[in-house]
Amino acid sequence: NIDELSFQLDHIIIPLAIPEIRLMQALKQYYGMILSPRFETLASQMNRRMMAAQKKTSNMMLEEKTAAEAVEKPKDDAQFESNKPWPLLGDEDYAGKEPTDQNYFDSKASFTKVNSNDLLQQLANAKKRDDIACAIINYLKEDFPHCALLLVRDNMAAGWLATSNNRPHDFEQISIPIHENSIFNQIATSHSQYLGPVTDSLQNRKIIDFFDSQPPISALVTPLMVQDRLVSILYIQGQLEDLEQHSIEVQTIVNKAEMSFKLLILKNKIVAV
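Owing to the predicted nature of the structure, the values given are computational and were not obtained by experimental measurement. (Residues numbered from 1 in each chain as written. Predicted model: local features only at pLDDT ≥ 70, side-chain atom pairs only at ≥ 80, totals over all residues. Heavy atoms only, no water.)

A. Seen up close, the overall build of the protein chain. Counting its secondary structure elements, the protein chain contains 10 helices and six strands. Burial statistics for the protein chain: of 273 residues in total, 37% are counted as buried. Residue pairs in contact within the protein chain that sit at least 24 positions apart in sequence constitute 59% of those at least 6 positions apart. Counting only carbon and sulfur atoms, one obtains 55% of the accessible surface of the protein chain, whose full area is about 16,700 Å². (Helix = DSSP H or I, 4+ residues; strand = E, 2+ residues; numbered from the N terminus. Buried < 20%, exposed > 50% of the residue type's maximum accessible area, 1.4 Å probe, protein only. Contact = heavy atoms within 4.5 Å. Areas by Shrake-Rupley, 256 points an atom, 1.4 Å probe, with all protein chains shown as cover.)

Right under this line is the structure:
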């Protein structure tokens, strides 16, 4: 028992309860233990949530400070404009002539085989958001024939690009309300990667039927965030074991894609008239 072990070690032992994931993180940090993909995914999700909470707290403190300063000294227009959040691609906040979605999205996407180095290079050189989608889907379709990207806007997840080359326009017609019961609602709520079964709900059926699948199925679903906004969702359907093995790689790809989106926003601000 604890008393006998304490006597043998000549140390006082204080029992503590800890979540399994925290224990695995400690073993990795202090003893170099290699974690399974499942624990790595959980750790990544927890870290993202913690960073988001810290950032939210920091933003609230900054807003309070800014509001207090505004009472003492009104902002001029230039200062106000410089503090506005960057607009996302396709938003109505750009100065000058408003670019349309056609400037960023070419529905006639071409598919070419890519490797990991090609993928990163294509993300770095993307000139429009469709380049980002093509690079991701082209890379993933080699291992997962059923994967897709959906754009999120106005509480709707709309079909963007999928691996089915012979039905691209069918996927563009898919529209899923993210406030209704679906796997996309979970992603919109948690802003965290999901790995597991896809329930046979009305909204999930839209993407399940597109891939001509029959439940039960498993999927790896990952949010693509830009400036704390959910702008896209990556959906990958496959065997649970295969999805688990690729979960960390997929999260890395999405992180790179988020950087590519931010780079496009910067480029657009530079050339805006």
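Moving on from the coordinates now.
B. Layout of the pairing of strand β5 (residues 217-226). Most of β5 sits out of view: 10 of its 10 residues are buried. Taking every second residue as pointing to the same face, both faces of β5 are buried, with Ile217, Ala219, Val221, Pro223 and Met225 on one and Ser218, Leu220, Thr222, Leu224 and Val226 on the other. Two elements, strand β4 (residues 194-198) and β5, share five bridges in a ladder whose sense is antiparallel. For Leu195, the partnering residue across the bridge sits in β5 and is Leu220. Relative to strand β6 (residues 229-238), β5 runs antiparallel, the two being bridged by nine bridges. Counted as the bridge partner of Leu224 is Ser232 from β6. The loop that links β5 with its antiparallel partner β6 comprises two residues; one of these, Gln227, has a positive phi angle of about 55°. (Pairing = 2+ DSSP bridges.)

C. Spatial organisation of unusual backbone geometry. Each neighbour pair has its own omega, and for Pro215 with Pro216 the value is 5°, a cis peptide bond. Counting through the fold element by element, Pro216 comes out in the loop between α9 (204-210) and β5. Phi is positive for Asp154, which is not a glycine, with a value near 55°. Along the chain, Asp154 falls in the loop between β1 (146-153) and β2 (156-162). Positive phi outside glycine occurs at Asn155, with the angle close to 60°. For Asn155, the position within the fold is in the loop between β1 and β2.

D. Layout of helix α6 (residues 129-140). For α6, built from 12 residues, the straight-helix expectation of 16 Å at 1.5 Å per residue is met to within 8% by its first-to-last C-alpha distance of 17 Å. Of all 12 residues that make up α6, 11 are buried, and the element is covered over most of its length. Among the residues making up α6, those that are buried are Arg129, Asp130, Ile132, Ala133, Cys134, Ala135, Ile136, Ile137, Asn138, Tyr139 and Leu140. (Expected span 1.5 Å × (residues − 1).)

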